[in-house]
Amino acid sequence: MFLSHYSVNFEVKLTKVLVADTDQNKPVQTEKSESGQSQNKFHKGGRRYYPKKRYYKPQGAPGEQQAPPTRVSFQKISLVVPLLNEEESILPLINEIRKAIKPLNKPYEVIFVDDGSTDGSLKIIKDAAKVDNRLKFISFRKNYGKSAALQVGFKTATGDAIITMDADLQDDPHEIPNLLKKLDEGFDLCSGWKKERFDPFIKKYSSRFFNFVTRIISGIKIHDFNCGLKAYRREVVQNLNVYGELHRYVPVLAKWQGFTVTEIPVKHHKRRYGKTKFGISRFFKGFIDLITVTFVGRYVKRPMHFFGFFGALSFLVGLFVNGYLTIEWLSGRALSNRPMLFLGMLLIIVGVQFFSVGLLGEMLVHQNQSEREYVVKDRN
């Protein structure tokens, strides 16, 4: 009686073992002995034999696929981050950059350019650089402006793709792979477009008006010229000279150098720490710099085209005015009380001066001309 009860319990245990085997999932097969009793086939020489368990790696839900790593053609990525008094944002920004770059599986460097900060920003960067040799820093003795910070960062970067972004956490580092993939489509510069902005009312709508005017004057069809989040090929930054407040017009400078420019929408976040470093004065400075960049981009190598046009216009109008007055004088009319005579003389003098400045400019361009000033795309 005891033996039959033991046999039943053994068969139940053996059945559980076999059901756990996902490869088989077959019911237990038993053989009957001559005495009519049920006997398990896993008995060998009077010993119990348990089948070997198989272990499988857990799989996701049916139809669920893991996202493949982002592949880009660039061998090294350099991030240039200008900053001014952003001590609260630096460590969160470093963590987000690490998360964003990790799927690319590429070597990278982060170059912080401290534009004369008066808080603890530099100390935080130094402490972070001690434990991560991918973090580099440059510190100015005083505030020189964002354009100077970018120019120095460009000269220091060693990657074949360069990313610029602000340090205030409003630019999203997770957009970096999207910018690099756009460059891989054949573009030289990809600018971010903050389609949905989280900025104060005045800053938001003044920026829209500024971008509209710049788009009309430059002829470049992008929506956000001043977005801090941009991606460049190395040859672009090697041929840019950013100074003053020209960082707003980097796409314009690049386009007029012959590089291809595009944009993609990017995420924009609300400012988490501190306050904006730009006031209403940037709106007026922006249009003055637009005139500067228009002249530099189009006429710096041909100044006579600019000064000669206005010189010829002024000279011809003055000549026409004085010619008319000469006819009046020959007709016997007095010119002593005609101020138009002085206007005609002034226009002729101004026209001659414009021509003189244009000729001097042409002489300077010819004297300082070198092959280095031309951007070569390819050669054999």
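Definitions and limits used
- Residues numbered from 1 in each chain as written.
- Predicted model: local features only at pLDDT ≥ 70, side-chain atom pairs only at ≥ 80, totals over all residues.
- Heavy atoms only, no water.
- Helix = DSSP H or I, 4+ residues; strand = E, 2+ residues; numbered from the N terminus.
- Buried < 20%, exposed > 50% of the residue type's maximum accessible area, 1.4 Å probe, protein only.
- Polar contact = N/O pair within 3.5 Å; in protein donor to acceptor, adjacent residues only side chain to side chain.
- Contact = heavy atoms within 4.5 Å.
- Axes fitted to C-alpha atoms, helices over the stretch in contact; angles between N-to-C directions.
- Nonpolar A, V, L, I, M, F, W, Y, C, P; charged D, E, K, R; others polar.
- Pairing = 2+ DSSP bridges.

Chemist: In this structure, what is going on with the side chain of Thr214? I would like to understand it.
Modeler: Turning to its location among the elements, Thr214 is positioned in helix H6 (residues 201-218). A residue is classified by how much of its surface remains accessible, and Thr214, at 0% relative accessible area, is buried. Of note is the side chain of Thr214, whose polar atom sits 2.8 Å from the backbone oxygen of Phe210. Those residues within four positions of Thr214 in sequence are excluded, and the remaining contacts are Gly219, Phe225, Tyr249, Val252 and Leu290.

Chemist: Help me understand the environment of Phe212, please; the structure alone is not making it clear to me.
Modeler: Among the structural elements, Phe212 can be located in helix H6. Along the sequence, Phe212 and His223 sit eleven residues apart, while their C-alpha atoms lie 7.6 Å from each other.

Chemist: What am I meant to see in the environment of Leu240 here?
Modeler: Looking at where Leu240 falls in the secondary structure, it is placed in the loop between helix H7 (234-238) and helix H8 (250-256). For the pair Leu240 and Ala254, spaced 14 residues apart in sequence, the C-alpha separation works out to 7.1 Å. With residues up to four places along the chain from it excluded, the contact list for Leu240 reads Gln151, Val250, Leu253 and Ala254.

Chemist: How should the packing of helix H2 (residues 90-101) against helix H3 (residues 121-131) be read in this particular structure?
Modeler: To characterise two packed helices, one gives the angle between the axes of the helices and the distance between these axes. The N-to-C vectors of H2 and H3 enclose an angle of 40°; their axes lie 10 Å apart at closest approach. In contact with Ile90, Leu91 and Ile94 of H2, H3 contributes Ser121, Ile124, Ile125 and Ala128. Looking at the contact of H2 with H3 residue by residue, the classes come out as six nonpolar, one polar and no charged.

Chemist: What am I meant to see in the pairing of strand S10 (residues 230-233) here?
Modeler: The alternating pattern of S10 places Lys230 and Tyr232 and Ala231 and Arg233 on opposite faces, both of which are buried. Taken together, the four bridges between strand S8 (residues 161-164) and S10 define a ladder with antiparallel strand orientation. Looking across to S10, one finds that Ala161 is bridged to Arg233.

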